[in-house]
Amino acid sequence: MGRRNEITRWRRKLAVRLTQFVIVAVLLLAWEFSPAWLLDDFLWSRPSAIYSQTLAWLARGILVGNAAITLECVLQGLLFGGLAGILLGLFAGLRPAAAELINRPIEALFAVPKIALIPLFILWFGIGVYQHVIFTSVVVFFFFFFSVYNGVRSVPVALRNALSMTGASSAQAVHILYLPASLGWMIIALRLAMPYAFVAAVSTEVIASTSGLGNLVKNSASMMNSAGMFSAMFTLLFVSMISSGLVNVLARKNRWNLEQLEE
Amino acid sequence: MLADAPTTAKRDRTAREQPTLEFHSVSRTLASLPVLQSIELEVECGSFVALVGPSGCGKTTLLNLAAGLAQPDEGVVLYNGVPLLKPNTNAGYLTQDDALLPWRDVLSNIALPLEVKKVDKAVRTKAARRIIQKVGLVGFEHHRPAQLSGGMRKRVSLARTLIYQPATLLLDEPFGALDAQTRMLMQNELLELTRELGLTVLLVTHDIGEAIAMADRIILLTARPARIVEVVDVSEADKRDIREEREHTLFSHIWNHLAEQSQIRG
Amino acid sequence: MATVQTPRITHGLKDRKAHSTLWRQSVVVGAILLLWQFGSGTVLNSYYLSTPAAVVRQIGAWVADGSLWPNLAATLMTTAAGFAAAAIVAIPLALLISGSRFLDDVFSPFIFAAYSMPKIILAPALILWLGIGRAPAIVLSAVTAFFLVFFNLYLGLKTIPGIYADTAALMDASPLDTAFKFRLPAAAPYLAVGLSQGIIYAFHGTVVGEMTASNTGIGYLIIFAGSKMDSTGVMAGICIVAILAVSMIYALARTQRFFNSDRGDFDVG
């Protein structure tokens, strides 16, 4: 009986994969061979053209180079925004009086579409990489702040009391209790922040910059190079999916930490 | 069997010993509602005192004040004659929740208080192992709390409070979450340990049998706002009756008091 | 780090405590505004932040010369249009895909993949296809909002117990009836969340679209001021966006609370 279920499951998976493959194939073929009056070559390009453009760019290192620039911005943004969020989250979590003052403004700022701030950041920091990283950090900050703040607040009262009774200083408490307790929350923040960090980095690149995948898309479009535009877009999709996937794998490996805290 | 109980817990101090814990006219209000009212309390050195009252009457608040985790709004709490202004590191505090760090093993959980005091690692590991032997957890040093039963986790908590050799133990319904058999086992072990180490103990419980079996004195609290309404000395006869589960008057006296107070609370 | 048990507090007392916090926070906001006003120009070059007074004046000027209202209207209408389009597509799609295991397995990977693409990257393409104007902004708004409405409803439909679909089957209901009369009402709370988030993200998408591919709207005003290095204009635009965003969230929270109080306990079995 189990064997039969196994076969059915395997067959269902095959059917699903086959259908997906067919869908993608049909779309690609339709795209490639549709008549000019339906899909203007100039505006929409063809898969074949996109393919050759991609190869050409790969050979010249343009795709990899720009992808690296975008990735670097994302990683630096995660690093600095993460650090700032963790530090401030710890501070607010440990000092409820301070939290009352700063939480509302931070929540309000979070509600504003951050992209509206880009022109302001450009005024302050110019259009270089410096500005990209700062903007990405600001976007990332919020995720880590809220996660760590909640992580600290959700430490059970009994644990907090037990640690007080040992006479631990604030620094010791952070090191022994709050940081390990917040680890699970920080990983959640990383998972959430990753796609947003990407969006932030790409947004600055599109609006004003001279490098990166976002900029590549914009430039190609403005030069009417639709094949290049799609090439860059697909590269971006690919890179974004890989990095999100990696973070998810990392998160799953650490799930035990969060579950243990549910005791 | 029932001693003449004054309505305050003050006793004639013939011995020159300083009471370990004293509450003088202590009141505590939380969120504009009075929780404790004019509590007068003395716990003698080496004695085992139980606090019994209906649920939610403020027993835990009282214990928190005794631990120094909170400050009274009125009155003063003295520990060994000195006002208690911050968490009392000479007291061990055991609650119903285990309060163990889930990401550390048994050994490092127990050694935690010494780690905070920056004791050398070798020294504290040795101390931890000694305590582990005392509470009967040998072989489980490197287990994580999640891998232990409720009773064993309770022993780890106990070991952690004992490792820095406190003079006083504050217990907040510590065995509430355990099954009946484990509970009885732990009660006996705890009693032996406290006698052996000469600890002063303040136990909060709603289990009357537990209070009678373990304590020298039982303090009865009213419903919120809690006042001390009666103090009872527990005699050996009372304890024997509990052990042998005989019908007797101390148990029903306290039972009736609780029932009355629970009704008042509504 | 005093931690004690808190007895239940009555409603009136909670209000009083909230008021004192509100007062304290207003003081903080007031302090920030004062710092902004007097710090900028003296400690900090007014180029960076402008001043609250100048920002208010700018907004007043915009109202006076009639440039605020058309742009504001454009932003709001784009948001509404994008949201409507997103909802119209997302709701049936969510019902369809979550209803069939096979369709779910086949199509969810595509939808998840599309979701992980930064929507702003569509902007250059949209300019190429639709030209600069309101249309790209509406499309961006719709695409951004779509995923939120879709995912919330989709996950909600997958979470509700099978009893709803089973009951429909027992009554021999048509697929359309099953979807709209049984499953959708059962997933109503999830739909509500999806729609609220959808509106907010439609607004975000609108701003993105206006900043990259449009020539009207508040987003465009910000970019335009930015290109002139006009920090006052930029700050004024940001303030308007902030006010819109916060009001939207506040209004939605109020509406949700209103509906939730009527609902009572939503017992899903």
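Residues numbered from 1 in each chain as written. Chains lettered and ligands numbered in written order. Predicted model: local features only at pLDDT ≥ 70, side-chain atom pairs only at ≥ 80, totals over all residues. Heavy atoms only, no water.

Focus on the overall build of chain B
- Check the secondary structure of chain B and you find 9 helices and 10 strands.
- Compactness check: chain B gives a C-alpha radius of gyration of 19 Å against a globular reference of 18 Å for 266 residues, within 12% of the reference.
- Based on the C-alpha atoms only, the size of chain B along its principal axes is roughly 50 × 45 × 40 Å.
- Across the 266 residues of chain B, 55% fall into the buried class.
- Restricting to contacts in chain B with at least 6 residues of sequence separation, those with at least 24 account for 70%.
- About 12000 Å² of surface is accessible on chain B, with carbon and sulfur atoms providing 49% of the total. (Helix = DSSP H or I, 4+ residues; strand = E, 2+ residues; numbered from the N terminus. Rg over C-alpha atoms; globule rule 2.2 N^0.38 Å. Buried < 20%, exposed > 50% of the residue type's maximum accessible area, 1.4 Å probe, protein only. Contact = heavy atoms within 4.5 Å. Areas by Shrake-Rupley, 256 points an atom, 1.4 Å probe, with all protein chains shown as cover.)

Focus: the environment of N219(A)
Residues and elements named next belong to chain A.
- Along the polypeptide, N219 turns up in helix α10 (residues 213-222).
- Overall, N219 belongs to the partly exposed group, its relative accessible area being 33%.
- In the structure, N219 is positioned 165 residues away from T54 in sequence and 15 Å away in space, judged by C-alpha atoms.

Re the environment of D65(C)
All names here are of chain C.
- Looking at the element boundaries, D65 is found in the loop between α3 (52-64) and α4 (68-99).
- Overall, D65 belongs to the exposed group, its relative accessible area being 54%.
- Residues D65 and L128 lie 63 residues apart in sequence; the distance between their C-alpha atoms is 32 Å.
- Here the side chain of D65 touches S67 through a polar contact of 2.6 Å, side chain to side chain. (Polar contact = N/O pair within 3.5 Å; in protein donor to acceptor, adjacent residues only side chain to side chain.)

As for the sheet that holds strand β9 (residues 217-221) of chain B
Residue and element names in this part refer to chain B.
- Spatial ordering of the open sheet is given by β6-β7-β8-β3-β9-β10, a layout of 6 strands whose pairing is mixed. With partners counted over all chains shown, the strands left at the sheet margins are β6 (91-94) and β10 (228-233), one partner each. The sheet shows a mean angle of 15 degrees between the axes of neighbouring strands, taken without regard to direction.
- One ladder, built from 5 bridges, connects β9 with β10; its direction is antiparallel. The residue bridging L220 from the neighbouring strand is E230, located in β10. (Pairing = 2+ DSSP bridges. Axes fitted to C-alpha atoms, helices over the stretch in contact; angles between N-to-C directions.)

A word on the interface of chain B and chain A
- Listed by partner, the interface residues are 27 residues for chain B and 19 residues for chain A.
- Here chain B meets chain A over a buried area of about 1800 Å², counting both sides, of which 70% is carbon and sulfur.
- On the chain B side of the contact with chain A, P102(B), W103(B) and V116(B) bury the most area, a combined 34% of that side's loss.
- Put simply, chain B and chain A have 0 salt bridges between them.
- Looking at the side of chain B that touches chain A, the elements that each hand over two or more residues are α1 (59-67), β6, α3 (112-116) and α5 (150-162) of chain B. (Buried area = accessible area lost by both parts, 1.4 Å probe. Salt bridge = Lys/Arg side-chain N within 4 Å of Asp/Glu carboxyl O.)

Regarding the environment of L246(A)
- Note on placement: L246(A) falls in helix α11 (residues 226-253).
- The sequence separation of L246(A) and L75(A) amounts to 171 residues, and the corresponding C-alpha distance is 13 Å.

Some points on the side chain of S157(B)
Residue and element names in this part refer to chain B.
- The topology assignment puts S157 in helix α5.
- A polar contact is formed between the side chain of S157 and the backbone oxygen of D98, at a distance of 3.0 Å.
- If we skip the residues at most four places from it in the chain, S157 touches L94, D98 and L100.

Observations regarding helix α4 (residues 121-135) of chain B
All names here are of chain B.
- Between the first and last C-alpha of α4 there are 21 Å, a value that for 15 residues agrees with the 21 Å anticipated at 1.5 Å per step.
- The set of residues buried in α4 consists of R124, A127, A128, I131, I132 and V135. Taken around the axis of α4, the buried residues stretch over an arc of 145 degrees, which confines them to a single face. Exposed positions of α4 whose direction lies more than 90 degrees from the buried face are A122, K126, R130 and Q133.
- Contacts made by the buried residues of α4 are with α2 (106-110), α3, α5 and α6 (180-197).
- With its phi angle positive at about 80 degrees, G136 sits one or two positions after the end of α4. (Expected span 1.5 Å × (residues − 1). Arc of directions from axis to C-beta.)

What about the sheet that holds strand β4 (residues 74-79) of chain B?
All names here are of chain B.
- The antiparallel open sheet is built from 4 strands, whose spatial order is β2-β1-β4-β5. What marks the edges here is a single partner per strand, and that holds for β2 (33-43) and β5 (82-83).
- Relative to β4, strand β1 (residues 21-30) is paired through 5 bridges, and the arrangement is antiparallel. Looking across to β4, one finds that S27 is bridged to E74.
- Where α1 meets the sheet, its contacts fall on β1, β2 and β4, and the angle it forms with β1 comes to roughly 125 degrees.

Structural notes on the confidence of the model for chain B
Residues and elements named next belong to chain B.
- Within chain B, residue pLDDT values average 83, and 91% of them lie at 70 or more.
- Per-element mean pLDDT across chain B ranges from 74 in helix α8 (residues 236-243) up to 93 in α2.
- Every residue in residues 1-16 is under pLDDT 50, and counting partners more than four places away or in other chains gives 30 contacts. (pLDDT = per-residue confidence, 0-100.)

Examining the interface of chain A and chain C
- Taken together, the contact pairs 47 residues of chain A with 49 residues of chain C.
- Of the roughly 4400 Å² buried where chain A meets chain C, counting both sides, 77% is carbon and sulfur surface.
- Of all residues in chain A, E100(A), P113(A) and L123(A) bury the most surface against chain C, accounting for 14% of the area lost on that side.
- The interface formed by chain A and chain C contains 0 salt bridges.
- Taken together, chain A and chain C are joined by 5 residue pairs in polar contact (both at pLDDT 80 or more).
- Breaking the side of chain A that touches chain C down by element, the ones donating at least two residues are α1 (2-33), α2 (41-44), α5 (96-111), α6 (118-125), α8 (157-165), α9 (170-207), α10 and α11 of chain A.
- Among the elements that make up the side of chain A that touches chain C, the one with the highest residue count is α11(A) (8 residues).
- The residue inventory of the side of chain A that touches chain C, partitioned by class, reads 34 nonpolar, 8 polar and 5 charged. (Nonpolar A, V, L, I, M, F, W, Y, C, P; charged D, E, K, R; others polar.)

Describing the pattern of salt bridges
- One pass over the full model with this rule turns up 11 salt bridges over all chains.
- For the salt bridge of E189(B) with R155(B), the shortest nitrogen-to-oxygen distance reads 3.1 Å. Of this pair, E189(B) sits in helix α6 while R155(B) sits in helix α5, and the two are 34 residues apart along the sequence.
- On the basis of relative accessibility, which here comes to 14%, the residue R155(B) falls in the buried class.
- Between D105(C) and R101(C) there is a salt bridge, and its shortest N-O distance comes to 3.7 Å. Taken as a pair, D105(C) and R101(C) lie in helix α5 (residues 101-115) at a separation of 4 residues, close to a single helical turn.
- Exposure remark for R101(C): the relative accessible area of 55% places this residue in the exposed category.
- Several salt bridges converge on common partners, so that one network encompasses D98(B), R153(B) and K154(B).

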